[in-house]
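An overview of the molecular structure
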Amino acid sequence: MLSDGTLHSHIESLRWIEDGTGDVGDTSRSLMVDWVERGGYAYTFDDSGDKPRLVVRTSAAGTKYVQTQADGIWKDNLLALPRF
């Protein structure tokens, strides 16, 4: 069991690249959640080249996290990305 009371693994930080500048950084899950909730737009690439956007979800235990959604379908693309 994890510290938030869930039985699921979760991402603690996300590495990102800003499109316009090429800047790279790492952000905690909670800061990314806050940024997306304030209107920030983030996405990843999936296997077919689409760009599913990150949206904030809330677990049954009340923990907020980001997950990708494309065409109304929730995906776990973030868990499939390489770990740094």
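All of the points below concern the structure found in this document. (Residues numbered from 1 in each chain as written. Predicted model: local features only at pLDDT ≥ 70, side-chain atom pairs only at ≥ 80, totals over all residues. Heavy atoms only, no water.)

Here's the deal with the overall build of the chain
Scanning the chain for helices and strands turns up two helices and five strands. Taken from the N to the C terminus, the helices and strands of the chain come in the order β-β-α-β-β-β-α. Counting the 84 residues in the chain, one finds 26% classified as buried. Taking contacts inside the chain between residues at least 6 apart in sequence as the whole, the part at least 24 apart equals 23%. (Helix = DSSP H or I, 4+ residues; strand = E, 2+ residues; numbered from the N terminus. Buried < 20%, exposed > 50% of the residue type's maximum accessible area, 1.4 Å probe, protein only. Contact = heavy atoms within 4.5 Å.)

Some details on the packing of aromatic side chains
Considering all chains together, one arrives at one aromatic pair under this definition. Summarising the aromatic geometry, the rings of Tyr41 and Tyr43 are spaced 5.9 Å apart at their centres and angled 45 degrees between planes, so their arrangement reads as tilted. By relative accessible area, which is 47% here, Tyr41 ends up partly exposed. (Phe/Tyr/Trp six-rings, centres within 6.5 Å; stacked < 30°, edge-to-face > 60°.)

Digging into the pattern of salt bridges
Here the structure, examined in full by the defined rule, presents three salt bridges. Between Asp26 and Arg15 there is a salt bridge; the shortest N-O distance is 3.2 Å. Remark: Arg15 occurs in strand E1 (residues 13–17) and Asp26 occurs in strand E2 (residues 24–28); sequence separation between them is 11 residues. Put simply, Lys64 and Glu37 hold a salt bridge, and the shortest N to O gap is 2.7 Å. You can see Lys64 sitting in strand E4 (residues 64–70) and its partner Glu37 sitting in helix H1 (residues 29–37), a full 27 residues away along the chain. The class of Glu37 is partly exposed, set by a relative accessible area of 42%. (Salt bridge = Lys/Arg side-chain N within 4 Å of Asp/Glu carboxyl O.)

Some remarks on the nonpolar core
Ranked by size, the top nonpolar core spans seven residues in total: Leu14, Met32, Val33, Val36, Ala42, Leu54 and Val66. The greatest single-element share of this core, amounting to three residues, is contributed by H1. (Core = buried A, V, L, I, M, F, W, Y, C linked by side-chain atoms within 4.5 Å.)

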